[in-house]
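Breakdown of the fold
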Amino acid sequence: MWSSSQASTRGVVEMGRVEAGPSHFPKRPAPRNPARVNLSRIHAVKPCSAGDRSGISVKCNLGWSSQPSPDLRHHFTGYSSASEAVLTSQSDLRKLFVGNEKIGVLLLNLGGPETLDDVQPFLFNLFADPDIIRLPRLFRFLQKPLAQFISVVRAPKSKEGYASIGGGSPLRQITDAQAEALREALCEKDVPSKVYVGMRYWHPFTEEAIEQIKHDGITKLVVLPLYPQFSISTSGSSLRLLESIFREDEYLVNMQHTVIPSWYQREGYIKAMATLIENELKNFPEPQKVMIFFSAHGVPLAYVEEAGDPYKAEMEECIDLIMEELEKRGITNPCTLAYQVAGALSINQIWCLFFFY
Ligand SMILES: C=CC1=C(C)c2cc3[nH]c(cc4nc(cc5[nH]c(cc1n2)c(C)c5CCC(=O)O)C(CCC(=O)O)=C4C)c(C)c3C=C
Ligand SMILES: [Fe+2]
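Everything numeric in this text was worked out from a predicted model, so none of it was measured. Residue numbers run consecutively from 1 along every chain, following the written order of its sequence. Chains carry letters and ligands carry numbers; both start at the beginning, A for chains and 1 for ligands, and go up in the order they are written. The model is predicted, so local features are restricted to residues of pLDDT at least 70 and side-chain atom pairs to those at 80 or more, both for listing and for counting; the totals for chains, interfaces and linings are taken over all residues. To get the side-chain values, all heavy atoms of the structure are used, and hydrogens and water are removed first.

Here a helix means four or more residues in a row that DSSP labels H or I, a strand means two or more in a row labelled E, and each is numbered from the N terminus. Following the sequence through the fold, Phe-149 ends up in helix α4 (residues 143-164). Phe-149 sits 138 residues away from Pro-287 along the chain, and the two C-alpha atoms are 47 Å apart.

Another aspect to go through is the site of ligand 1. Inspection of the region around ligand 1 gives 22 residues, with Arg-154, Ser-158, Tyr-162, Ser-169 and His-297 positioned closest. Nitrogen and oxygen atoms within 3.5 Å of one another constitute a polar contact, given that in protein one can donate a hydrogen and the other can accept it, and given that sequence-neighbouring residues count only through two side-chain atoms. Within the side chain of Ser-169, a nitrogen or oxygen atom sits 2.5 Å from an oxygen atom of ligand 1. At 3.0 Å, a side-chain N or O of His-297 approaches a nitrogen atom of ligand 1. Mapped by element, the contributors of at least two residues to the shell around ligand 1 are α3 (119-127), α4 and α7 (232-247). One heavy atom within 4 Å of a molecule or strand is enough for the residue carrying it to be called near that molecule or strand.

This part takes up the side chain of Lys-220. Its place among the elements puts Lys-220 in strand β4 (residues 220-225). Polar side-chain contacts of Lys-220 include one of 2.5 Å to the side chain of Gln-256.

Right, let's get into the pairing of strand β2 (residues 101-109). Three labels apply to residues, based on accessible area from a 1.4 Å probe with only protein chains included: buried if under 20% of the type maximum, exposed if over 50%, partly exposed otherwise in between. Counting buried positions along β2 gives eight out of nine residues, so the element sits mostly inside the fold. One bridge is not enough; two strands pair if DSSP finds at least two bridges between them. Where β2 lies against strand β3 (residues 194-199), six bridges are found, and the strand directions are parallel. Across the sheet, Gly-104 pairs through a bridge with Lys-194, a residue of β3.

No statement about biological role is implied by the geometric values presented.
Below, the structure written as structure tokens:
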């Protein structure tokens with residue numbers, strides 16, 4: 001059941017419009033004491049009215065209050081009880097109906113080149129994203145030429161990396177497997193749903209997934225970025241794109257939808273991470289003497305310090321939770337966290353690049 005305390009916690013999301021741009025981020029770190037939010041408890045759904053063309057609204061772990069009006073609490077409650085349908089195959093859409101509703105889940109991810117020939121165009125898409133390379137307003141017209149330049153320069157090094165892991169990114173395959181596992185799990189919970197994959201920078205593009213969602217006549221959509229922690233450069237970028245697609249589209253604006261902006265604090269995730277570490281430690285002759293080294297992707301300092309990106313705070317809190325879980329299991333190893341060099345480029349670094357090449 002919905003309660004006001006749940007509604008004001010992190011991860012409880014109200015949808016109707018996506019507001020994922022940096023300008024919407026409060027300039028403070030994410031609050032501590034996260035709530036463990038259950039997917040089956042998504043309740044704060046705000047349908048868009050026909051007149052509301054503003055897209056999707058993410059009331060997320062950024063400390064915004066998300067008090068749904070009482071009549072909106074019921075939007076998802078019918079799902080588990082009303083689902084007589086048994087979904088046996090993604091393609092059998094007749095079995096997707098729950099009452100009069102067809103439920104979809106859209107998994108968002110980065111995407112990756114599938115072959116070495118894809119590397120340069122993939123990099124172009126990535127660097128053309130203003131959430132990855134942020135240029136001052138005056139220089140925005142340079143975004144695409146710059147993306148072309150950097151992608152061509154970067155491609156040989158990137159190709160080496162992808163060649164060393166078999167000639168392409170495994171991300172599509174892994175994400176497809178996650179989608180199928182999620183579909184099966186939802187089916188077992190009597191929530192037959194179709195699960196879509198929308199990548200930001202390579203196939204299947206988010207736009208392609210959205211076309212499929214419309215074609216399938218989905219009436220309720222859950223949007224789940226596959227990044228456990230929220231960052232402007234990852235989930236934020238995908239949600240911002242989604243916002244622009246929704247804003248332009250009558251069908252989507254009228255479709256009920258909800259977003260899970262981050263899920264790093266979910267019990268299942270924390271326990272899974274702890275189990276991975278616990279099992280890995282067993283490979284050492286003296287496990288208690290091992291330092292646990294967490295390696296996270298870096299993001300530009302300005303995102304965290306100026307735009308209020310909650311990524312660093314969420315990452316550190318996530319690690320605290322994993323370490324607490326390990327402690328409960330009697331594992332008290334020391335740990336450290338390092339951020340990999342963020343590829344993000346500031347305008348100064350871009351000038352250096354031009355100068356250097
Ligand atoms: C240039 C800026 C970049 C920022 C900011 C950034 C943030 C960021 N990225 C991930 C996760 C992944 N990134 C991946 C590839 C990748 N990322 C960048 C640049 C930035 N990332 C580049 C140039 C590339 C291409 C590879 C390369 O040339 O090094 C991937 C791999 C995708 C795949 O092919 O499977 C992931 C995963 C996070 C989590 C993040 C911020 C939090
Ligand atoms: Fe990246």
